[in-house]
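Close look at the chain arrangement
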Amino acid sequence: MITIKKIAELANVSPGTVDRIIHNRGQVTQDNVDKVNAIIEKYGYKRNILASNLALNKKFRFAVFLPQYENIEYWKSQITGIEKAAIEFRKFGVVLDYFFYDFNAVSFKKEIKKVLDFECDGLLFAPIFHEESVQFLKEYQKKNIPVVMIDSNIDSNTEHTYVGQDAFQSGYLAGRLISFAVKNERQILIFKITREIESTSVYKQRIDGFYSFFKDNKELTNFKFSEVTIKDSGNDLLSLEMFSGINSVFVPNSRAYIVAKFLEQNNIKGVRIIGYDLLKENIEYLNKGIIDFLINQRPEEQGYMGINHLYKITVLQETVENTHYIPLEIILKENYFPVRKPV
């Protein structure tokens, strides 16, 4: 790689002149500008951005705008990945500031104002509430700051990068898993255990993807579908009637363990269950053979890659892909190997 000193020799000017031209600091004749730029174009000079930032002791502040993560394994894992990236990139001047909202729209809207007022170089954002997130992103776009979204990708007509799973495709995959080795008529229950937030697009996209698999495979005529929605995560809201005649259950979020626990308590066997995420409770019922499949969203990787993308965009000034899909990972009890802690 050609250096400033070598460019200066070739152009017959001082290294200081080359530096002023590269950084557009003026006080240089047009003739020298033309000579230096011609040499740069010929030899492909690339400024050492990291070295420049370190020399200037430059800081890069990233705002992290996520749901509260206490007692929620999925979001704790996101934070673990984010913190891992923060430690790795700290030496390059990366600093994180956190903005957390409760799982309701009122808290989300309240926190929006703080994020809009905060001066930073990049934003990591989980758009849980769809309509409110679309409005927020339109307003935030005026700041002309890079935005990376994790967990859920929404169509907001704004410039942003997404890191996470393809929600529609994950639902489509769940449909395929349900269909395996089924010859007789199969009654499928889509069991929606929701909070307010799960009217969000990622939840709906999974269900749409699930149904689309069966629409695309019209030969699978022996499948019948029903849906149940409960607005709470309490086991006491489930009933035996909900599972009468049911052969398979699709839970389009991380609460498959609630269904599994009910089936175990009531000694209901032979029901295939598919859900999401490697929560401790889900793994327990996976290992018992009550949950058949879990689709892992790899939240820690999402958090890490989200900060990594902001680092590349702002610190390294690199172009990154607009969409970085995390591969869909199918977990069965036979291929789940938890890390064993030393005794």
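Only a predicted model underlies this, so the values are computations on that prediction, with no experimental measurement involved. (Residues numbered from 1 in each chain as written. Predicted model: local features only at pLDDT ≥ 70, side-chain atom pairs only at ≥ 80, totals over all residues. Heavy atoms only, no water.)

1. Observations regarding the pairing of strand E1 (residues 60-67)
Counting buried positions along E1 gives seven out of eight residues, so the element sits mostly inside the fold. Two strands pair when backbone bridges link them, and E1 and strand E2 (residues 94-101) are joined in this way by eight bridges, in the parallel orientation. The partner of Phe60 across the bridge, within E2, is Val94. A crossover connection joins E1 to the parallel E2 through helix H5 (residues 73-89); in handedness this β-α-β unit is right-handed. Looking at chain direction, E1 and strand E3 (residues 122-125) are connected through four bridges and run parallel. Each residue of the ladder has a partner; that of Ala63, found in E3, is Leu123. (Buried < 20%, exposed > 50% of the residue type's maximum accessible area, 1.4 Å probe, protein only. Helix = DSSP H or I, 4+ residues; strand = E, 2+ residues; numbered from the N terminus. Pairing = 2+ DSSP bridges. Right-handed = clockwise from strand over helix to strand, strands pointing away.)

2. Some words on the packing of aromatic side chains
By the definition in use, this model includes 30 aromatic pairs. The interplanar angle of 10° and the centroid separation of 4.0 Å between the aromatic rings of Phe89 and Tyr311 together place this pair among those described as stacked. Placement of Phe89 in helix H5 and of Tyr311 in helix H12 (residues 299-315) is noted, with a sequence separation of 222 residues between them. By relative accessible area, which is 6% here, Tyr311 ends up buried. Arranged with centres 6.2 Å apart and planes meeting at 55°, the rings of Phe250 and Tyr276 form a pair that is tilted. (Phe/Tyr/Trp six-rings, centres within 6.5 Å; stacked < 30°, edge-to-face > 60°.)

3. Description of the environment of Val94
When you line up the elements, Val94 lands in strand E2. For the pair Val94 and Phe62, spaced 32 residues apart in sequence, the C-alpha to C-alpha distance is 7.3 Å. When sequence neighbours within four positions are dropped, the list of residues in contact with Val94 reads Phe60, Phe62, Phe89, Tyr311 and Val315. (Contact = heavy atoms within 4.5 Å.)

4. Section: the nonpolar core
Inside soluble globular proteins, nonpolar side chains tend to come together where they are buried. One finds Phe65, Leu123, Phe136 and Ile307 to be the most contacted residues of the largest nonpolar core, which totals 52 residues. Sorting elements by how many residues they give to this core places H5 first, with seven residues. Ignoring any residue separated from it by four or fewer positions in sequence, one finds Ile307 in contact with Phe62, Val64, Ile82, Ala85, Phe89, Leu96 and Leu124. Judged by nonpolar contacts, the second largest core, of 29 residues, contains Leu238, Ala256, Ile283 and Leu286. (Core = buried A, V, L, I, M, F, W, Y, C linked by side-chain atoms within 4.5 Å.)

5. Side note on unusual backbone geometry
Glycine aside, a negative phi is what most residues show, and trans is what most peptide bonds show. Here the phi dihedral of Asn267 falls at roughly 55°; this positive angle occurs in a residue that is not glycine. Within the fold, Asn267 resides in the loop between helix H10 (256-265) and strand E9 (272-276). Of note in this structure, Arg298 is not a glycine but carries a positive phi near 50°. Looking at the element boundaries, Arg298 is found in the loop between strand E10 (293-296) and H12. We classify Arg298 as partly exposed; its relative accessible area is 24%.

6. What about the pairing of strand E4 (residues 147-150)?
Burial along E4 is two-sided: Val147 and Met149 and Val148 and Ile150, pointing in opposite directions, are all buried. Examined bridge by bridge, E3 and E4 share three bridges and lie parallel to one another. From the neighbouring strand, Phe125 faces E4, where its bridge partner is Met149. One crossover worth recording links E3 to the parallel E4 by way of helix H7 (residues 130-140), and it is right-handed. Strand direction decides the pairing type here: E4 and strand E5 (residues 161-164), joined by three bridges, are parallel. When the sheet's bridge partners are listed, Met149 is paired in E5 with Tyr162.

7. Some details on the sheet that holds strand E8 (residues 248-250)
Pairing is mixed across the open sheet formed by six strands, whose spatial order is E7-E6-E8-E9-E10-E12. Two strands lie at the open edges of the sheet, namely strand E7 (223-230) and strand E12 (329-331), each paired on one side alone. The average angle at which neighbouring strand axes cross in this sheet is 20°, direction not considered. Summarising the sheet, E9 and E10 pair through three bridges and their orientation is parallel. By the bridge assignment for E10, Ile274 is matched with Phe293. Against the sheet, H10 engages strand E6 (186-193), E8 and E9, with an angle of about 155° to E9. (Axes fitted to C-alpha atoms, helices over the stretch in contact; angles between N-to-C directions.)

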